[in-house]
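# What the coordinates show
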Amino acid sequence: MDKIEQSLEQHKTALHSLVVLRRAAGVIRKQEAETITKNNLTFAQFGVLEALYNKGDLRIQDLIEKLLSTSGNMTVVIKNMIRDGYINKVPDPSDKRAFRVSLTPEGRELIAAILPEHYDNIGSIFSVLTDEEQEQLATILKKFKN
């Protein structure tokens, strides 16, 4: 048995788990996209709107961390959302180097209209699992956090 086959045999269960996880994540993401893309938003734009709606005004760095984004990508997302009238960007009074982002009335109206359908969609996606299984899944996946 060569090194590749030996390693494959040794980690067969982990590799299978990874394939199953990626396939499930792909299916979930595709189904989740239905309510986001039909409103002409990207996942990043939706994430910004949802974060600002639920958390209030945030610094750009906080959005980057919450949405697991890069600063370059977030810069483009914010620029486009300001252009589209969904958000405002103002200097952070407590840190002159930072900016705070807030929803405009148009942005608040848009996300408020989308969220009920989005939440219903997520509920439907995860309805293949019982509430207990959903809690178990969350517990298991949290083990991957650093």
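Quick look at the structure, then. (Residues numbered from 1 in each chain as written. Predicted model: local features only at pLDDT ≥ 70, side-chain atom pairs only at ≥ 80, totals over all residues. Heavy atoms only, no water.)

### Some words on the pattern of salt bridges
Evaluated as defined, the whole model comprises 6 salt bridges. With a shortest N-O distance of 3.7 Å, Asp62 and Arg59 are connected by a salt bridge. Its relative accessible area of 24% is what places Asp62 among the partly exposed residues. Under the relative-accessibility criterion, Arg59 is labelled partly exposed at 24%. Connected through salt bridges with shared partners, the residues Arg59, Asp62, Asp95 and Arg97 form a single ionic network. (Salt bridge = Lys/Arg side-chain N within 4 Å of Asp/Glu carboxyl O. Buried < 20%, exposed > 50% of the residue type's maximum accessible area, 1.4 Å probe, protein only.)

### A closer look at helix α6 (residues 105-125)
Its 21 residues place the ends of α6 30 Å apart at the C-alpha level, agreeing with the 30 Å of an ideal helix rising 1.5 Å per residue. The largest bend in α6 is about 35°, located at Leu115, with the proline Pro116 one to four residues further on. Within α6 the residues assigned to the buried category are Gly107, Leu110, Ile111, Ile114, Leu115, His118, Asn121 and Ile125. (Helix = DSSP H or I, 4+ residues; strand = E, 2+ residues; numbered from the N terminus. Expected span 1.5 Å × (residues − 1). Bend = angle between axes of the 7 residues up to and from the residue.)

### Regarding the packing of helix α2 (residues 12-37) against α6
In contact at an axis separation of 9 Å, α2 and α6 are set at 160° when each is read in the N-to-C sense. Relative to α6, the element α2 lies roughly antiparallel. Once α2 is placed against α6, the crossing between them reads as right-handed. The residues of α6 that touch α2, namely those facing Ile28, Gln31, Glu32, Thr35 and Ile36, are Ile114, Glu117, His118, Asn121, Ile122 and Ile125. (Axes fitted to C-alpha atoms, helices over the stretch in contact; angles between N-to-C directions. Parallel < 35°, antiparallel > 145°, perpendicular 65-115°, else oblique. Left-handed = near helix turned anticlockwise from the far one by under 90°. Contact = heavy atoms within 4.5 Å.)

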